[in-house]
Amino acid sequence: MYSMDRTLAAMRHGSIPGASGRVRPLTLLGDPVLHTACEEVTDFGPALGRLIEDMFATMYAAQGVGLAANQIGVSKRVFVYDCPDDEDVRHLGHVVNPRLVEADGVTVRGPEGCLSLPGLEAGTPRFDHAVVEGVDLRGEPVKVHGSGWFARCLQHECDHLEGGVYTDRVTGWRRRRVLRAAAKASWNV
């Protein structure tokens, strides 16, 4: 896995996305923007590029591996990622107007957290293979294949853009425990 120190050093030298971005406040569980489906992006101008840069900067500052636009209060169908798969291969990019077109394989219940629920995690079932299609910031088609941890990331971010959070997929005692912890969390005012 890549080190956060290397990532931050590369950002300072402008060699990875987010170097010119502004860190924005994270939207936390309970904010309506997190629980509403996001709007399609129709304007592929400079504002979209700035949003993506800000999203990368915010994701890195929070030490995350993925971030959806509604996690910084913007109800647009965009997510960014810098996430390893189970073989420690790094995947870096963004997807605008993504569609989860495949989610299959083995279902794995693994620890999952979220920048919008800081400090919490729960065993969440996800498929170990996922494919997302969409476009890049210029409107050019992209197709992203993920396996293992990266497949989990792709599914997690697509859920955000549909107005969901990982706790929606957790059931039973795991769900009760994580929601109880969220209710007691210092960030939940």
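Residues numbered from 1 in each chain as written. Predicted model: local features only at pLDDT ≥ 70, side-chain atom pairs only at ≥ 80, totals over all residues. Heavy atoms only, no water.

(A) Layout of the overall build of the chain. From N to C terminus, the chain includes 4 helices and 5 strands. The linear arrangement of helices and strands in the chain, starting from the amino end, is α-α-β-β-β-β-β-α-α. In terms of overall size, the chain behaves like a compact globule, its C-alpha atoms giving a radius of gyration of 16 Å where 189 residues would be expected to give roughly 16 Å. Taken along its principal axes, the extent of the C-alpha atoms in the chain is 45 × 40 × 35 Å. The proportion of buried residues among the 189 residues of the chain is 48%. A sequence separation of at least 24 residues applies to 66% of the contacts in the chain between residues at least 6 apart. With an accessible surface of roughly 9,200 Å², the chain has 53% of that area assigned to carbon and sulfur atoms. In the chain, which carries 21 positive and 24 negative side-chain charges, the distance between the mean positions of the two groups comes to 7 Å. (Helix = DSSP H or I, 4+ residues; strand = E, 2+ residues; numbered from the N terminus. Rg over C-alpha atoms; globule rule 2.2 N^0.38 Å. Buried < 20%, exposed > 50% of the residue type's maximum accessible area, 1.4 Å probe, protein only. Contact = heavy atoms within 4.5 Å. Areas by Shrake-Rupley, 256 points an atom, 1.4 Å probe, with all protein chains shown as cover. Lys, Arg positive; Asp, Glu negative; His and termini not counted. Charge placed at Lys NZ, Arg CZ, Asp CG, Glu CD.)

(B) Spatial organisation of a positive patch on the surface. A grouping of Arg-176, Arg-177, Arg-180 and Lys-184 is seen on the molecular surface, where their side chains present a positively charged patch. By relative accessible area, which is 46% here, Arg-180 ends up partly exposed. (Patch = residues over 30% accessible without salt bridge, like charges linked within 9 Å, V, L, I, M, F, W, Y side chains within 5 Å. Salt bridge = Lys/Arg side-chain N within 4 Å of Asp/Glu carboxyl O.)

(C) Up close: the pattern of salt bridges. All told, the structure shown has 13 salt bridges when counted by the stated rule. The closest approach of N and O atoms between Glu-39 and Lys-76, which form a salt bridge, is 3.3 Å. Of the two residues, Glu-39 is situated in the loop between helix H1 (4-12) and helix H2 (46-61) and Lys-76 in the loop between strand E1 (66-68) and strand E2 (78-84); the sequence distance between them amounts to 37 residues.

(D) Structural view of the sheet that holds strand E3 (residues 90-113). Taken together, 5 strands build an open sheet; the order of strands is E1-E2-E3-E4-E5 and the sheet is antiparallel. Looking along the sheet, the strands with just one partner apiece sit at the ends: E1 and strand E5 (141-147). Going from strand to strand, the sheet's axes swing by 30 degrees on average, the running direction of each strand aside. The pairing of E1 with E2 spans 3 bridges and is classified as antiparallel. Residue pairing for E2: Ala-68 is matched across the bridge by Phe-79. Sitting on the sheet, H2 is in contact with E1, E2 and E3, with an inclination near 40 degrees to E2. (Pairing = 2+ DSSP bridges. Axes fitted to C-alpha atoms, helices over the stretch in contact; angles between N-to-C directions.)

(E) Here's a closer look at unusual backbone geometry. In this model, Gln-63 sits at a positive phi of 60 degrees, which is unusual for a non-glycine residue. In this fold, Gln-63 is placed in the loop between H2 and E1. One non-glycine residue with positive phi stands out, namely Asn-97, at about 50 degrees. Its location among the elements puts Asn-97 in strand E3.

(F) Region of interest: the pairing of strand E4 (residues 121-135). By the bridge criterion, 13 bridges tie E3 to E4 in an arrangement that is antiparallel. When the sheet's bridge partners are listed, Gly-113 is paired in E4 with Glu-121. As paired strands, E4 and E5 are joined by 7 bridges and run antiparallel to one another. Counterpart to His-129 in the pairing with E5 is Ser-147.

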